[in-house]
Amino acid sequence: MDSRFGVTELDDLPDDLRERIGVIAEKSGFVPNVFRALGHRPAELRAFLDYHDALMERSGGLSKAERELVVVATSGANHCTYCVIAHGAILRIRAKDPQLADRVATNPWQVELDERGRAIVDLALALTREPELFGEADVEAARTAGLTEDEIWDVGAITALFAMSNRIAHLTALRPNPEFYTMGRDQKR
C-alpha cells in the first residue's frame, strides 16, 4: 500500500496534471507516490505543485541544493519518512554528495556543515520545532551568517510548505518509491 487513501495512476489524472507529472515521470523513470496519493484531489495537487515549483524552482535566492537541504532537515525533524527519502535523493544529486542527506536527516542539529549551511539548517529548525518561539533573534543569526532577506524568506517558506507536506505524508501513510532509496548514492565527491 503506497497510501492509506489509495492512489490515482497517471493515466487517470486530468489532462493538465497527467502532462505535468508525465514530464517528472519521464525524467525520473517513475511517478513519485506523492503525486499518485494526491491525485484523487486534483485541485489540491495543482495547488501543491504550483507552490512547490514557485519555491523550489525559482531563480535567485538559495541554490537548488540549499533548498533541498531545508527540506531534508525539516522533514528529518518532523520524522517524515517519505520526504526524507524522496528529497534526500534529490539532495544527494544536487549537492553531489552521497552522504549529506543521511547525515542531515538523522541529526540536523549536530551535522557538520559550513557556516552558511549551518545557518540555513538552524533557521529552518527554529521554525520547524518551536514555531511559536521563532523570532528576531533567529532571523538576525541568519543575517549575521550572511543570508540575504530573500534567502531567509526562502528558508521560511520552504520550511512552511514542507511542514504541510510532512503532515499530509503522515496522514496518508505515504510510502517512498523504492527508486528513491538508491538515487544519487553512487556519486564520487
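Residues numbered from 1 in each chain as written. Predicted model: local features only at pLDDT ≥ 70, side-chain atom pairs only at ≥ 80, totals over all residues. Heavy atoms only, no water.

Chemist: Honestly, the UniProt feature "domain: Carboxymuconolactone decarboxylase-like" (unreviewed entry) in the protein in this entry has me stumped. Any pointers?
Modeler: Look at the UniProt record and you will see "domain: Carboxymuconolactone decarboxylase-like" (unreviewed entry) annotated at residues 42–94. Its end C-alpha atoms 29 Å apart, residues 42–94 is made of 81% helix and 0% strand. (UniProt positions renumbered as here; feature names shortened; annotations may be inferred. Helix = DSSP H or I, 4+ residues; strand = E, 2+ residues; numbered from the N terminus.)

Chemist: I'm lost on the packing of helix H5 (residues 81–95) against helix H9 (residues 149–172) in this one. Help?
Modeler: How two helices sit against one another is set out by the angle between their axes and by the gap between those axes. Two numbers describe how H5 lies on H9: the axes approach to 8 Å, and their chain directions differ by 120°. On the basis of the axis angle, H5 is oblique to H9. Residue-level inspection shows Tyr 82, Cys 83 and His 87 of H5 in contact with H9, the latter providing Phe 162, Ser 165, Asn 166 and Ala 169. Residues belonging to the contact of H5 with H9 are distributed by class as follows: 4 nonpolar, 3 polar and no charged. (Axes fitted to C-alpha atoms, helices over the stretch in contact; angles between N-to-C directions. Parallel < 35°, antiparallel > 145°, perpendicular 65-115°, else oblique. Contact = heavy atoms within 4.5 Å. Nonpolar A, V, L, I, M, F, W, Y, C, P; charged D, E, K, R; others polar.)

Chemist: What should I look at first to understand the nonpolar core in this one?
Modeler: If you look at soluble globular proteins, the nonpolar side chains tend to sit buried side by side. Counting residues in each nonpolar core, the largest one holds 54 residues, and the members touching the most others are Ile 21, Leu 45, Tyr 82, Val 155 and Ile 158. Aside from chain neighbours lying at most four places away, what touches Val 155 is Leu 62, Val 70, Ile 120, Leu 123, Ala 124 and Leu 147. (Core = buried A, V, L, I, M, F, W, Y, C linked by side-chain atoms within 4.5 Å. Buried < 20%, exposed > 50% of the residue type's maximum accessible area, 1.4 Å probe, protein only.)

Chemist: Is there a simple way to explain the packing of aromatic side chains in this structure?
Modeler: The geometry of an aromatic ring pair is captured by two quantities: the separation of the ring centres and the angle between the planes. In total, this model carries 2 aromatic pairs according to the counting rule given. Aromatic pair Phe 30 and Phe 180: ring centres 5.0 Å apart, planes at 85°, arrangement edge-to-face. On the criterion of sequence distance, the pair formed by Phe 30 in the loop between helix H1 (15–28) and helix H2 (33–38) and Phe 180 in the segment after H9 is long-range, its members being 150 residues apart. Accessibility assignment for this pair places Phe 30 and Phe 180 in one class, buried. With a centroid separation of 6.2 Å and an interplanar angle of 85°, the aromatic rings of Tyr 82 and Phe 180 are classed as edge-to-face. Of the two residues, Tyr 82 is situated in helix H5 and Phe 180 in the segment after H9; the sequence distance between them amounts to 98 residues. Of the residues examined, Tyr 82 reaches a relative accessible area of 5% and is grouped as buried. (Phe/Tyr/Trp six-rings, centres within 6.5 Å; stacked < 30°, edge-to-face > 60°.)

Chemist: Explain H5 here, please?
Modeler: It helps to recall that an α-helix has 3.6 residues per turn; residues three or four apart then point in one direction. If you check H5, its first and last C-alpha atoms are 20 Å apart, about what 15 residues at 1.5 Å a residue would give, namely 21 Å. Where the residues of H5 are buried, they touch H2, helix H3 (42–56), helix H4 (64–77), helix H6 (100–106) and H9. Once H5 ends, the next one or two residues include Lys 96, with phi positive near 55°. (Expected span 1.5 Å × (residues − 1).)

Chemist: For this particular structure, what's the right way to read the packing of H4 against H5?
Modeler: Packing of H4 against H5 leaves a shortest axis separation of 9 Å and a crossing angle of 150°. One finds that H4 runs roughly antiparallel with respect to H5. As for the relative orientation of H4 and H5, their crossing is left-handed in sense. From H4, Lys 64, Ala 65, Glu 68, Leu 69, Val 71, Val 72, Ser 75 and Gly 76 reach across to H5, where they touch Cys 83, Val 84, His 87, Gly 88, Ile 90, Leu 91, Arg 94 and Ala 95. (Left-handed = near helix turned anticlockwise from the far one by under 90°.)

Chemist: Sorry if this is basic, but what is going on with the pattern of salt bridges here?
Modeler: Between side chains of opposite charge, pairing is possible as soon as their charged atoms come close. One pass over the full model with this rule turns up 19 salt bridges. Salt-bridge contacts for Arg 46 lead to Asp 16; the nearest nitrogen and oxygen are separated by 2.6 Å. Taken together, the residues span a long stretch of sequence, with Arg 46 in helix H3 and Asp 16 in helix H1 at a distance of 30 residues. Taking relative accessible area as the criterion, Arg 46 reaches 28% and is therefore assigned partly exposed. (Salt bridge = Lys/Arg side-chain N within 4 Å of Asp/Glu carboxyl O.)

Chemist: So what exactly am I meant to see when it comes to the state of the cysteines here?
Modeler: Covalently bonding the sulfur atom of one cysteine to the sulfur atom of another cysteine gives a disulfide. One pass over the structure, following the stated rule, counts 0 disulfides. Sulfur of Cys 80: no disulfide; nearest cysteine sulfur belongs to Cys 83 and is 3.6 Å away. (Disulfide = S-S within 2.5 Å.)

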